[in-house]
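Chains, contacts and geometry: an overview
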There are 2 protein chains.
Amino acid sequence: MNLQNITITLSETKKEKPQSDQLEFGKVFTDHMFIMDFSTGLGWHDPRIVPYQPITMDPASMIFHYGQSVFEGLKAYQTDDGRVLLFRPEKNFRRLNQSNDRLCIPELDEEFVLEALKKLIEVEREWIPSAEGTSLYIRPFIISTEPFLGVHPSSSYKFMIILSPVGSYYKEGIHPVKIAVESKYVRAVNGGTGTAKTGGNYAASLKAQEVSEKIGYSQVLWLDGVEKKYIEEVGSMNVFFKINGEVITPALNGSILEGVTRTSIIELLKHWNVPVTERKISMDDVRQAYLDGTLEEAFGTGTAAVISPIGEFFWNDEKLVINDGKTGELSKKLFDTLTGIQTGKLADPLGWVVEVSKENTFSVAR
Amino acid sequence: MNLQNITITLSETKKEKPQSDQLEFGKVFTDHMFIMDFSTGLGWHDPRIVPYQPITMDPASMIFHYGQSVFEGLKAYQTDDGRVLLFRPEKNFRRLNQSNDRLCIPELDEEFVLEALKKLIEVEREWIPSAEGTSLYIRPFIISTEPFLGVHPSSSYKFMIILSPVGSYYKEGIHPVKIAVESKYVRAVNGGTGTAKTGGNYAASLKAQEVSEKIGYSQVLWLDGVEKKYIEEVGSMNVFFKINGEVITPALNGSILEGVTRTSIIELLKHWNVPVTERKISMDDVRQAYLDGTLEEAFGTGTAAVISPIGEFFWNDEKLVINDGKTGELSKKLFDTLTGIQTGKLADPLGWVVEVSKENTFSVAR
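Residues numbered from 1 in each chain as written. Chains lettered and ligands numbered in written order. Predicted model: local features only at pLDDT ≥ 70, side-chain atom pairs only at ≥ 80, totals over all residues. Heavy atoms only, no water.

We apply this condition: UniProt positions are given in the numbering used here, feature names are shortened, and annotations may be inferred rather than shown by experiment.
Going by an unreviewed UniProt entry, chain A carries the name Branched-chain-amino-acid aminotransferase and comes from Peribacillus glennii. Looking at the Sequence similarities (unreviewed entry) heading of the UniProt record, one finds this comment for chain A: "Belongs to the class-IV pyridoxal-phosphate-dependent aminotransferase family."

Structural data, given as structure tokens:
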């Protein structure tokens, strides 16, 4: 498949774009979307950019019953000099294929879908907000569409990319969140789907989230599903701790999602010669460091918030307040550096950003 | 909400009904479906029977991204004297609400949806096949429809019931299946969603199923996610063992689905004064019984197959052949008794079947 195969149907009307200061996360979508179909025998076919519109689905479509689906999340940023940057998008499409493998969904051509994404972004160029902290959120996803109630991999799928202009995750700047440590519900376990970005993991997380919000905590910290001792993730983010000068994040153990921001932070810390370790870490270890006065910082990492400082953990009726509930120095430096690189304000020493080149404009292939 | 609120729009055309001997599972759907919407503020509303048709969904609908969904499966049977029977349907709607609670989906009025189902079945009366082993499979399900990419419970849902005439699960009569014991992948863990009937559990099961089929086994036996020692379920069924005269099934431990067939078998065995125990049972226990010559029978239980005898387990490169690979006496008696009760051929000593009364015909409320 090559880019010339992508047909483009432009929308006859254009939606009104929201004001930069009124952007919410994931509620407004742009004028167009990318869509491509899979069926056994034909493979992936009919790649097209079309007006954003509802899709029609048979009520027996497998996605409605057996949840066979995967997704990704990344962002496009507008630079001050008008260029459009993506942050390590090849990692998202690599991971999408890893999720596909776990969910028995046919593999995508990673290079092709990245080029298709660039083409879609060119079409939606005017939708990329430029105010501080804003970006265009990108949601590639695959759903199973075969109308069949047998529990088997679907014989047909849709791959789609939709786009949503999003505001700053922190309306009043980066600030720490309070986290409840979850002792009852489990996000994932080794041998399950925790390393894949699939709907079921997120559906499973809703209940714990609802319970923690009721007691005044905005997210949960997930412990391992076997011993309920070891730290896995926070909300839908990876988690880091700074203890006595060393930065520690749970090692990838078969139930933790390998976040692109997580990987980037590890690489950035190594680049800075800051000690960083991926290892098993228990909630007891964290509490002990807190008691010893060596728990200096904690933060979550993910595409939406980039860095989310943690001001407090609530565990077994005890509150562990970190760095007086303020954003730590390293958390702030990581946030400023990553967002600086992503938006082209800072140099890109590790070669992470990918420019959406003008050569990919839709006018070439139309 | 009462039955008079259900509006009925009949299909102008009728599909051709498949021959009784050509029925497959879950591929053909009837002429009508039941649908009802939920939105915050309005609650569940607009219950209606309409022609079976595709539904229109925004690409950002939560079901496509975060898998918030639940479903049920049950059957309607035609008796020799032309009555229509459901098997313990109140248990399915009770469990649907338990699944709803785990998945943060708003509760349904169980009595109302059962009456709505009866009304739909009356409309589709002619679709219920009558040949030996056939039935009308019923699939109630709920999907989250809010177009929003935040990880939160949806503010809108659709509850639907679709119907599919299905053939005998065993084309050539009940016969034993070969099962591979799964040592790598995990279906569910305590604190997860294993007790709920939600898409993610089934999506998670596809990979192990695919691997086992490649080595010639039709289903997998799931072990617990913590120690990978204790038996949980088989495929998408519950599992029973007969060891030295005692029938044993894994106790409900927080990760096993509480099957309606499972419950019914336990009740039936007690009614017959056959010793039956719900307890933890390990694969080592089963192997030891096999070596001792006391592993008399094994079978899976579920709505689709009712009883699925197990002729062989494959575990750690060892084959455990049960009862010479033949259907056991108790398995056969349970199958005959349950299907006999379900189809009205045998007496119903425990009061399980529910007749779809003529008083619920749509002609009353139209």
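Digging into the environment of E213(A)
Cut-off, in case you're wondering: For helices the rule is a DSSP run of H or I covering at least 4 residues; for strands it is a run of E covering at least 2, with both sets numbered from the N terminus onward. Contacts between residues were defined by any pair of non-hydrogen atoms, one from each residue, lying within 4.5 Å. We define a polar contact as two N or O atoms separated by no more than 3.5 Å, with the added condition that, inside protein, one atom must be a possible hydrogen donor and the other a possible acceptor, whereas residues neighbouring each other in sequence contribute only through side-chain atom pairs.
Note that E213(A) resides in helix α4 (residues 199–214). Linking E213(A) and I179(A), residues 34 residues apart in sequence, is a C-alpha distance of 9.5 Å. In this structure, E213(A) is in contact with S218(A) and H152(B), ignoring residues within four places of it in sequence. For E213(A), the side chain forms a polar contact with the side chain of Q209(A), separated by 2.8 Å.

Regarding the domain arrangement of chain A
All names here are of chain A. Quick note on the threshold: Where each domain begins and ends is defined by an automated method or by a domain database. A 1.4 Å probe defines the accessible area here, and the buried area is the portion of it lost by two parts on being joined, summed over both. Take a side-chain nitrogen of Lys or Arg and a carboxyl oxygen of Asp or Glu: if they are within 4 Å of each other, that pair is a salt bridge. Throughout, the ten residues Ala, Val, Leu, Ile, Met, Phe, Trp, Tyr, Cys and Pro are labelled nonpolar, Asp, Glu, Lys and Arg are labelled charged, and all others, Gly among them, are labelled polar.
Taken domain by domain, chain A holds domain 1 (3–168) and domain 2 (177–342). Listed by partner, the interface residues are 20 residues for domain 1 and 20 residues for domain 2. The contact between domain 1 and domain 2 buries some 1,700 Å² in all, and 57% of this surface belongs to carbon and sulfur atoms. Together, F71, F87 and R95 form the three largest contributors to the area buried by domain 1 at its contact with domain 2, with a combined 36%. Between the two partners, domain 1 and domain 2, sit one salt bridge. One salt bridge connects E267 with R88, and the closest N-O pair in it is separated by 3.0 Å. Summed over the shared surface of domain 1 and domain 2, the result is eleven residue pairs in polar contact (both at pLDDT 80 or more). Broken down by secondary-structure element, the contributors of at least two residues to the side of domain 1 that touches domain 2 are β5 (69–71), β6 (74–78), β7 (84–87) and α2 (89–102). The biggest single contributor to the side of domain 1 that touches domain 2 is α2, with five residues. Class assignment of the residues belonging to the side of domain 1 that touches domain 2 gives a composition of nine nonpolar, five polar and six charged.

Observations regarding the interface of chain A and chain B
At the interface, 60 residues of chain A touch 60 residues of chain B. A combined buried area of about 5,000 Å² lies between chain A and chain B, and 67% of that area is made up of carbon and sulfur atoms. A per-residue breakdown of the area chain A buries against chain B is headed by P59(A), F64(A) and L206(A), which together make up 13% of the total. Linking chain A with chain B are two salt bridges. Only β4 (55–57), α1 (62–66), β5, α2, β8 (135–144), β9 (156–166) and α4 of chain A provide two or more residues apiece to the side of chain A that touches chain B. Among the elements that make up the side of chain A that touches chain B, the one with the highest residue count is α4(A) (ten residues). Classifying every residue of the side of chain A that touches chain B by side-chain character gives 33 nonpolar, 17 polar and ten charged.

Concerning unusual backbone geometry
In the Ramachandran plot, N316(A) falls in the positive-phi region, its phi being about 50° despite a non-glycine side chain. Relative to the helices and strands, N316(A) resides in the loop between β17 (306–315) and β18 (318–321). A positive phi angle, near 65°, is found at V306(B), a position not held by glycine. Mapping V306(B) onto the fold places it in strand β17 (residues 306–315).

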